[in-house]
Amino acid sequence: MACSFRYHKLGTGFNPNTLDKQKERQKGLPKQVFEADEMPDSSSYQDDQDDLKRRSMSIDDTPRGSWACSIFDLKNSLPDALLPHLLDRAPNEEIDRHNEDQRKANRHRELFALHPALDEEEPVERHCVPEVPKEHFGQRLLVKCLSLKFEIEIEPIFASLALYDVKEKKKISENFFFDLNSEQTKAMLRPHIQTAAISTLARSAIFSITYPSQDVFLVIKLEKVLQQGDIGECAEPYMVFKESDAAKNKEKLEKLRGQSEQFCQRLGRYRMPFAWTAIHLMNIVNSAGSLERDTELEMSLSERKGSWSERRNSSIMGRRSLERTTSGDESCSLTGFRPATLTITNFFKQEGDRLSDEDLYKFLADMRRPSSVLRRLRPITAQLKLDISPAPENPHYCLTPDLLQVKPYPDSRVRPTREILEFPARDVYVPNTIYRNLLYVNPQSLNFANRQGSARNITVKVQFMNGEDPSNAMPVIFGKSSCADFYKEAYTAVVYHNRSPDFHDEIKIKLPASLSDHHHILFTFYHVSCQQKQNTPLETPVGYTWIPMLQNGRLRTGHFCLPVSLEKPPQSYSVLSPDVPLPGMKWVDNHRGVFNVEVVAVSTIHTQDQYLDKFFALVHALDEHMFPVRIGDMRIMENNLETELKSSIAALNSSQLEPIVRFLHLLLDKLVLLVVRPPVIAGQIVNLGQACFEVMASIVNRLHKYLDTNQDMHGRNSLLSSYIHYVFRLPSTDPNSPSPDTNSSLTGPGGLGGSVHYATMARSAVRPASLNLNRSRSLSNSNPDISGTPTSPDDEVRSIIGSKGLDRSNSWVNTMGSKSAPWGSSPGSAPETMQAMERCGNRMSSHTESASFLQTLTGRLPTKKLFHEELALQWVVSSGSVREGALQQAWFFFELMVKSIIHHLYFTDRLESPRKNRFPERFMDDITALVSTIAGDIVSRFQKDLELVERLNMSLAFFLNDLLSVMDRGFVFSLIRAYWKQVSTKLYALQNPTLESLRLDFLRIVCSHEHYVTLNLPCSLLTPPASPSPSVSSATSQSSGFSTHVQDQKIANMFELSVPFREQHYLAGLVLSELSVILDPDNEGMFGLHKKVVSVVHNLLSSHDSDPRYADPEVKARVAMLYLPLISIVMEALPQLHDFTESHNQWGRPGGPQGAAVGTSGEETEGEGNSMISQTVAMAIAGTSTASPMSRPSSFLLNSQASRQHGSFSAESSRSLLICLLWVLKNADELVLQKWFTDLSVSQLNRLLDLLYLCVSCFEYKGKKAFERMNSLTFKKSKDMKAKLEEAILGSIGARQEMVRRSRGQLERSPSGSAFGSQENLRWRKDMTHWRQNSEKMDKTRAELEHEALIDGNLATEANLIILDTLEIIVQTASVTESKESILGGVLKVLLHSMACNQSALYLQHCFATQRALVSKFPELLFEEETEQCADLCLRLLRSCSSSISTIRSHASASLYLLMRQNFEIGNNFARVKMQVTMSLSSLVGTSQNFNEEFLRRSLKTILTYAEEDLELRETTFPDQVQDLVFNLHMILSDTVKMKEHQEDPEMLIDLMYRIAKGYQTSPDLRLTWLQNMAGKHSERNNHAEAAQCLVHSAALVAEYLSMLEDRKYLPVGCVTFQNISSNVLEESAVSDDVVSPDEEGICSGKYFTEIGLVGLLEQAAASFSMAGMYEAVNEVYKVLIPIHEANRDAKKLATIHGKLQEAFGKIVHQSTGWERMFGTYFRVGFYGTKFGDLDEQEFVYKEPAITKLAEISHRLEGFYGERFGEDQVEVIKDSNPVDKCKLDPNKAFIQITYVEPYFDTYEMKDRITYFDKNYNLRRFVYCTPFTLDGRAHGDLHEQFKRKTILTTSHAFPYIKTRINIIHKEEIISTPIEVAIEDMQKKTQELAFATHQDPADAKMLQMVLQGSVGTTVNQGPLEVAQVFLSEIPSDPKLYRHHNKLRLCFKDFTKRCEDALRKNKSLIGPDQKEYQRELERNYHRLKEALQPLINRKIPQLYKPVLQVNSHRDSFSRMSLRKLDI
């Protein structure tokens, strides 16, 4: 098909996946609703919860089981919308069709628009369009002069600004002249000034600095009108007078003003130097950056080096060291500083003898020193205000240095800004693009010391003459300020009374375009008489000299030291130099040089380089046929012209680089011209092809070598690429036709609209050779031959420049409306032509698009030679260094060739002709040879010369890509094949990733062609094509090409890389074979290329996706056919992909339910029709045709481990690969897919399902929160750096070189990168590494985040819908296969997995529809085979039933209802679903944090509604069963809701869980679940003992059911076995009548109801007991475990257990006292008050952690309930007396808390020996309350009673909860004497304990002793004895007590004695006294007690018989009050 370039923007080189284009394509995306985003904010959610708590305080407003209430709730709630037709029994096909239509509606067409582009730096196939050549600027600075004020204002002052670089000792800008004089002062000069031109009134200037550095100063010089007296005298008044004293000095000032006026009148045209100052530019820039607020900088000398420099902070001082080494010091950027306003307050007066630039540099260098000499000078005080700021992009009212207006220039009357020409400090390499022809004359010094006569006040008059008559002075000298634009003369400033003055003037001259030998500069020296004397003229000429402008046709510039003649020069002096001693002339100082002057030209006309000049002059002579030619001193005749021409071409290499670059465009044009149109010299055609080719190669290489900073990532020098793109064109051959060689677009729009470059360069007058650079008939037709006559030499320049001004924004590439109107008249051919030309936009000229150019192409005649043919020929035959040079820059010659081809085809009207006939055989052969040798170079040199080979490889690829557009496709394919063969052969011999990487780059570039799809013949069938490449015309390819249907041939061929596939779809075949070879897990050397190869595919697909040509779905399906083999390639690679499922904790892929399909090492069972690619096929594809078994050399990277573990892909690459897979699945023809699936084996289908499973995880929606999180974290993957290191260690190129290459700016693909991870990761580019990440990733705006989430949501939805579509196709396939079970199981698994991920409402409704269809088609699947899946499905459905989004709820309820219904229909009850749903609900409630019961309630109601409306099943038990189930669920739900309310109240929470668990007594699985939930809650709160109890209960429950199932001796019999561990366990026994039998379907099917499960539970229990410190219980647990392990002969486990037992017993031994093991503290807590709901009047024993004080628990409960009811509503009752509820305030809540201790009867104490015994299995607790009979709590000893309250709890502590109800209470009241006995017994026990403690504890002993024998003890032992023992009681009932107390005291004194003895043995000498004191006290006590102790009661020692009666009375007397 003809070369239709209209689409080149659609090639992948312009991949639309750039951010902006993405944004464009993402417009109008619907917002997907995700539950994850709908979650309320936790804060608001909390408030609702708190409200809830306040509302309902009771656990249950009705007792559990009050069905009525819960039903009432449900009946009153609202259902969600019902799905219509859900209950209709439609045929499955219809349902499927309906689902599919729904699914396919409103889908997003372009998948890749939702997928972010890969983060490659810059895709290798993207050729950046080079920059339009334009004028060079450095960094631009805008300086505005605001005001200049002196202390006195008496005369006009004139100023100039310029930049100087101290280090380079160079003035780096021209002068900017300005004056800020008032109108009144200016008036003083009226006679001397013509009207001022607007251009000279400028007060702001733009300076350009290409090389900013710390050494740049802005120097301001002031001049004034010449007056009598030297500078010092004239400056004096300025230093003496102060403005403040103006009134005082009025007369003096008047006088001064008068004098000034006189001088102005008389000497107004002369100036004298006055003062100067300088500003260190970088200080300003940096200060402006750092002085935050006030950027008004005051500068006065006094503080110049002091405060001012400090104020700009030390940053610059620190850089001082740096600045010497770096050139354009990076710290010196002028672009971003804040504008600053400077006030300069000090000027230095000029000194007449120090005016030269040399002196200035010394001053400036000195200024930077802190002790500047200048500080010692007396300053002139003044105020100059300047604004300095970075220059704006396009300033308005701007004049160029040539005084041209720069657009925008809205109004010519506005005061302009002047652009100041830069004289760069070092060379600048930029080609000329504008006309500029300026000359600067700088007189430097004059020495008239030896001249006789009076010449003291000397000025030099400078004139530019074009003849010798005074009238020939040309008005080309630029004016300064407030004057005319141009003058015919200029005067230098006068230094008073100095015979050898220095000058500092700069005279700027506008050179005429064409110069003749008569042009010269004339200098006339005058003496000016300052005093007005009689008959003395104002000026007297005192000398003359001159400089001729041309010498041998070349411009004369440089330093001159000229002799000065005393008299006027004679006739025709101007052609000679003044150095020539003319006869009869008088010279100053004997013709010695006395006048130093420098002349500098800034010209785009004069090359100022001898070699270039010579070459251009010769070429010009050829054109004009003017012989002989005079060059320099030589005259060249025609006969030796050939040799001279060749030598001048060769000599171009010697030329300086700077002029070569400046005249580059012209130079290359001339060389091309010489190749194409060999000159005829002396009648012979001279072939210069070879010479030109060689010099081109060397010039191009020079540019590359020295200007390597301006290269793009392909290593293309930007100067050259812009030459090819914008400038190069084929010269036409007929000497009379307007030549396209130069563009005569003078008539083009805007004057400069066309290529002004040529227009200006190509002008010349008749004679000077240096100008005839380019006279190849290039003048415009309207003006055939302008000879520059002296009268109007500049007319032509004016016509060039045009009147419109300069439009810099579009400097000179004026792209005409090629987009809007076709060229030429015949609309038929227009499109083709346009396409051809438009394609050039990519890599060819877009000049061709300028209108006027095409008008000049009317006479198209064939050239004598075709440039591309000549180029190819020269290249093929070249050898040695020339060939090497061409290879180095192959891209340049390739691109020239292509552009030449295109031009040739266009100008010869061949774009229409068939491609086969376009080019001669000879040319085709040359191209073939060229490609073949270059491919050979690539293969042979890639290890030595990688950098070159990378460039070469890319250039070749781009070349072939371009050829595809213009040459016969079959021919180009044969070239590609030749390359492929060579690379493959090498790869076969040497597995080298670098080479593979090169081939990938090549392929990627070739495939980026805009007609890539058409080239692959997507429309044809897989039959061998008739011709190698049938050309399909573009028309048909658009329409009919896509319409043929796939024939029913072996479908597999389309899905495999079969030979027919690769022949047919050539390029796609190559891409996919590369993919499969690199992804092959055995191909280890290639694993670093994964990312690279994936991105090739990703890129292609994403560009097809967005290509408007393939928008039609049928067409897209055709395109997708090209990629069908991708599916099997990705399936093959599955084990290597990144495992996205890990985050889900679902089964890891390889071992999943279908683990069979995926072997661990990823090897498939061969055999079953495996349609994956075999190794030999892959190699054959890769281009080697061996079928023999391969002996593959082991890769150099890794010793081939058997197979690398999975996951060698990075997440990013895997994601890209998967999105490509999804694209193919989305767009491929479903019928084709279905046929292929049918052919796949089961294992392959399962692998495909695994792949889809992975896709679900991969594209899961992350949620807005995640984006915000990612936004706040700045993250950098450390693996990048790891890969970098690896690369540096192993890669084929060292890190250093890598850095060097990067820093040189050649960001090509890293070659080593190809081998390693570097392709996966970032490059070492400064801007890419860690520290950049922060700034980029950080601050995305809210809107961006929203947008990201929106895209991600749409991507997740679309990806999942594609997966769903594919699943549907698989289901259709599976229905007809034999082994459908495993496949359907897999489908279901993927479906469930997708439900488990974050999904949008849209996807879920389609997903549920599919799931309903699946279940209705294969009900037995769920209820019989995949029971696990059934459970899973129930859980997922319930989860969705509680969703906050109503559509999800509607669909989920419908699915759940149908599930029950189907289960019922299979077996008339739906136990399975019932049970699974109940279990799911409990696990949902137990685990989910943000679970909302209100939504679930609605769903339950919906299900009820369905059941009520289901007419078919109305007569069965089904509706009732549903109702039962729903109510039961609702009840569980209500409890759960309460649990949620009590989230903060741990006791209440556990109570509720306990109660729910109790409700599940009949379903063991659920009870188990809840017991485990409780265990979890306890562990969280560190209640390990309770957690252990829960686990023991769980184990007991399991044991009960296991013993029913199987009778194994070694297993526990049931819970009885566990009662040693806890007496509570018996409640787990399964004895009630409603117990389910464990063998019933689906009961006890959980993993715990197995032996292993039981063992697991027991081991957990043991661990928890151990954490709780209850080591005795650990032993008991292991007693149950050991028999099981013994029975299984599991020695390893037994060893572990015995180890743990040893540990446990060891700890018991070490911690026998119990102090180390604190088991808990117990409190009785009673709740009183209606506020507590059903807690009212309940009493509990709370178990608190070991050492809890009463205050702590009191504080906790008070705080907790205070928060609930309000702090003023809760009161803690402080005493422990019985509470009388009537006396309490009914509106308040009361809590009574009492410390209680475990209580044991005496007989119990025999068994409870250890500390553990006394703290385990506790059911009874005691607390004591003291009271007296009159109601006080405390009284004297004899009236002090005590009440002991004994509480019994419903279960023993520790239990599965931490508070237990009190079920029984009894009280014992002790009389005062009994109280005393108890006290004494307690004291005695303490003494005994302290005495016998081992090891002894002296402190404790002394404490107890002090309390026993210390005298100070109030109510101490002595007082007790005195009260109760002093007399025998009157009541005989108290005798026994009396006696008992007496015996107690006896025992007590004995114990005291023991204790004292023990203490004596323990104390040191320091405590002797203390011991004696204790002993004294003891004896005193003993003596006092003696009589009391020894008095016995006689009655007690009477005969035994009578005692009984007393006993009875005694027992009755003991006031026991039982309270039950």
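Above: the structure in question.
Residues numbered from 1 in each chain as written. Predicted model: local features only at pLDDT ≥ 70, side-chain atom pairs only at ≥ 80, totals over all residues. Heavy atoms only, no water.

Undergrad: Got a minute to help me understand the pattern of salt bridges in this structure?
TA: When the charged atoms of two side chains with opposite charge come close together, those side chains can pair. Tallying each qualifying case throughout the model produces 78 salt bridges. Across the pair Glu1494 and Arg1497 runs a salt bridge whose closest N-O atoms are separated by 3.4 Å. Highlighted residues: Glu1494 and Arg1497, both in helix 56 (residues 1493-1509), separated by three residues, approximately one helical turn. Using a relative accessible area of 15% as the deciding quantity, one classes Arg1497 as buried. We note a salt bridge from Lys1857 to Asp1551, for which the minimum N-O separation is 3.1 Å. Linking Lys1857 in the loop between strand 35 (1841-1853) and strand 36 (1859-1870) with Asp1551 in helix 58 (residues 1546-1559), this pair joins segments that are 306 residues apart in sequence. Considered together, Lys1857 and Asp1551 belong to a single accessibility category, that of buried residues. Here the salt bridges share partners, and the residues they tie into one network are Arg103, Arg107, Lys1226, Glu1358, Asp1365 and Glu1368. (Salt bridge = Lys/Arg side-chain N within 4 Å of Asp/Glu carboxyl O. Helix = DSSP H or I, 4+ residues; strand = E, 2+ residues; numbered from the N terminus. Buried < 20%, exposed > 50% of the residue type's maximum accessible area, 1.4 Å probe, protein only.)

Undergrad: Is there a simple way to think about unusual backbone geometry in this case?
TA: Cis geometry marks the peptide bond from Lys407 to Pro408; its omega dihedral reads -5°. Here Pro408 shows up in the loop between strand 12 (405-406) and strand 13 (417-420). Cis geometry marks the peptide bond from Phe1853 to Pro1854; its omega dihedral reads -15°. Its place among the elements puts Pro1854 in the loop between strand 35 and strand 36. Residue Leu403 is not a glycine yet carries a positive backbone phi of 70°. Within the element layout of this structure, Leu403 appears in the loop between strand 11 (398-399) and strand 12. The phi torsion at Gln608 lies on the positive side, around 55°, for a residue other than glycine. Relative to the elements of secondary structure, Gln608 occurs in the loop between strand 25 (595-603) and helix 15 (610-624).

Undergrad: So what exactly am I meant to see when it comes to a nonpolar patch on the surface here?
TA: Taken together, Val575, Leu576 and Val580 make up a surface patch of nonpolar side chains, about 210 Å² in accessible area. With respect to the helices, strands and loops of the structure, Val580 is situated in the loop between strand 24 (558-562) and strand 25. Residue classification places Val580 among the partly exposed positions, given a relative accessible area of 35%. (Patch = residues over 30% accessible without salt bridge, like charges linked within 9 Å, V, L, I, M, F, W, Y side chains within 5 Å. Areas by Shrake-Rupley, 256 points an atom, 1.4 Å probe, with all protein chains shown as cover.)

Undergrad: It is not clear to me how the packing of aromatic side chains should be interpreted in this structure. Could you clarify?
TA: To describe a pair of aromatic rings, one takes the distance between the centres and the angle between the planes. In this structure the tally under the stated criterion is 54 aromatic pairs. The interplanar angle of 50° and the centroid separation of 5.7 Å between the aromatic rings of Phe615 and Phe616 together place this pair among those described as tilted. Here Phe615 falls in the buried class, since its relative accessible area comes to 0%. Judged by its relative accessible area of 0%, Phe616 falls in the buried class. Measuring from centroid to centroid gives 4.9 Å for Phe1464 and Phe1518, while their planes differ by 40°, and the two rings are tilted. With Phe1464 in helix 54 (residues 1446-1467) and Phe1518 in helix 57 (residues 1518-1541), this pair connects stretches of sequence that are 54 residues apart. Residue Phe1464 shares its accessibility class with Phe1518, and that shared class is buried. Put simply, the rings of Phe693, Trp875, Trp891, Phe892, Phe893, Phe894 and Phe959 touch in pairs and so form one group of aromatic residues. It is Arg426 that lies over the ring of Tyr211; its NZ or CZ is 4.1 Å from the centre. Seen from the ring of Phe478, Lys508 lies directly overhead, with NZ or CZ sitting 4.4 Å from the centre. (Phe/Tyr/Trp six-rings, centres within 6.5 Å; stacked < 30°, edge-to-face > 60°. Lys NZ or Arg CZ within 6 Å of the ring centre and 35° of its normal.)

Undergrad: Would you mind showing me how to read the side chain of Glu1547 here?
TA: Within the secondary structure, Glu1547 is located in helix 58. Separated by 2.9 Å, the side chains of Glu1547 and Arg1756 make a polar contact. Those residues in contact with Glu1547, other than ones at most four positions away along the chain, are Tyr1742, Glu1744, Arg1756, Thr1858 and Arg1859. (Polar contact = N/O pair within 3.5 Å; in protein donor to acceptor, adjacent residues only side chain to side chain. Contact = heavy atoms within 4.5 Å.)

Undergrad: Looking at this structure, I do not really get a negative patch on the surface. What am I missing?
TA: On the surface, a cluster of negative charge is made up of Glu1544, Glu1758, Glu1763, Glu1767 and Asp1768. With respect to the element layout, Glu1758 can be found in helix 64 (residues 1750-1765). (Lys, Arg positive; Asp, Glu negative; His and termini not counted. Charge placed at Lys NZ, Arg CZ, Asp CG, Glu CD.)

Undergrad: What exactly am I supposed to notice about the environment of Glu895 here?
TA: Topologically, Glu895 is positioned in helix 27 (residues 890-907). Sequence separation of Glu895 and His868 is 27 residues, and the distance between their C-alpha atoms is 9.9 Å.

Undergrad: Would you mind going over the environment of Ala205 with me for this structure?
TA: Within the secondary structure, Ala205 sits in strand 5 (residues 204-209). We classify Ala205 as buried; its relative accessible area is 0%. For the pair formed by Ala205 and Arg140, sequence separation is 65 residues and the distance between their alpha carbons is 10.0 Å.

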